[in-house]
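# Architecture and fold: a report
Now for the letters of each chain:
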Amino acid sequence: MDTTALRSAYDKLFEAAATPGLGAATDGGWNADQVLAHVLSVDAAVSAVALGVVSGSRPAFDNRVALDPANLGRIIAGHAGRADLAEHVRRQAAILCDIADSLDEQAVSVQVPAFLMSGDALVLDQPVPLAALIDGLAEDHVPVHTRQILALKG
């Protein structure tokens, strides 16, 4: 896989996360730390799915744990502030991109059962090729959360 677009999307996310004066969401949504914790959780899950495919198992992707407030709080509490959390997200994103770079055509074409929620709305409940799961991070997931963080500027 070519992860150029994904790496670029992450660069923009990290730039946004480093913006001074990020406050609370005016709509009651996530703050920047919660967004970063969510991205970290999703990235780790997608990495695990990709490695599972390579190992010959047939893992599924379900993003509900990455939406769970208790899980996000646990992730945030395990870091010494936003800079530390962002650095962890950066390392996890690099791992995911390195895994994706190493996938062959056979692996990226494996159909992965996927269950995706956004808030309380069901977005997807069907198998997708592993490539689509990873490409979706670059095309939608990371840019959406980058915009979400930028909207928190005070």
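What counts, and at which threshold
- Residues numbered from 1 in each chain as written.
- Predicted model: local features only at pLDDT ≥ 70, side-chain atom pairs only at ≥ 80, totals over all residues.
- Heavy atoms only, no water.
- Pairing = 2+ DSSP bridges.
- Helix = DSSP H or I, 4+ residues; strand = E, 2+ residues; numbered from the N terminus.
- Expected span 1.5 Å × (residues − 1).
- Buried < 20%, exposed > 50% of the residue type's maximum accessible area, 1.4 Å probe, protein only.
- Arc of directions from axis to C-beta.
- Contact = heavy atoms within 4.5 Å.
- Core = buried A, V, L, I, M, F, W, Y, C linked by side-chain atoms within 4.5 Å.
- Phe/Tyr/Trp six-rings, centres within 6.5 Å; stacked < 30°, edge-to-face > 60°.

Read from one edge to the other, the open sheet built from three strands follows the order β1-β2-β3, with strand pairing classed as mixed. A strand with exactly one partner marks an edge of an open sheet, and here the two such strands are β1 (61–62) and β3 (121–129). Across eight bridges, strand β2 (residues 111–118) lies against β3 in antiparallel orientation. Of the residues in β3, the one forming a bridge with Gln111 is Pro129.

The next subject is helix α4 (residues 82–102). Spanning 21 residues, α4 covers 30 Å between terminal C-alpha atoms, matching the ideal 30 Å at 1.5 Å per step. All buried positions along α4 are accounted for by Leu85, Ala86, Val89, Gln92, Ala93, Leu96, Cys97, Ile99 and Ala100. Looking straight down α4, one finds that the buried residues subtend no more than 155 degrees of arc, so they occupy a single side. Exposed and oriented more than 90 degrees from the buried face of α4 are Ala83 and Ser102. In this structure, the buried residues of α4 make contact with α1 (4–17), α2 (32–55), α3 (69–77) and α6 (130–150).

This part covers the nonpolar core. Formed by 49 residues in total, the largest nonpolar core has its most connected members in Leu6, Tyr10, Leu13, Leu130 and Ile149. Of all the secondary structure elements, the ones that give two or more residues to this core are α1, α2, α3, α4, α5 (105–108), β2, β3 and α6. In contact with Leu130, other than residues within four places in its own chain, are Val49, Ala50, Val53, Leu103, Ala107, Val108, Val110 and Val112.

Let us look at the packing of aromatic side chains. Inspection of every chain in the model, using the stated rule, returns one aromatic pair. On the numbers, 6.1 Å between centres and 15 degrees between planes, the contact of Tyr10 with Phe14 is stacked. You can see Tyr10 and its partner Phe14 sitting in helix α1, four residues apart, about one turn around the helix. Judged on exposure class, the residue Tyr10 and its partner Phe14 are both buried.

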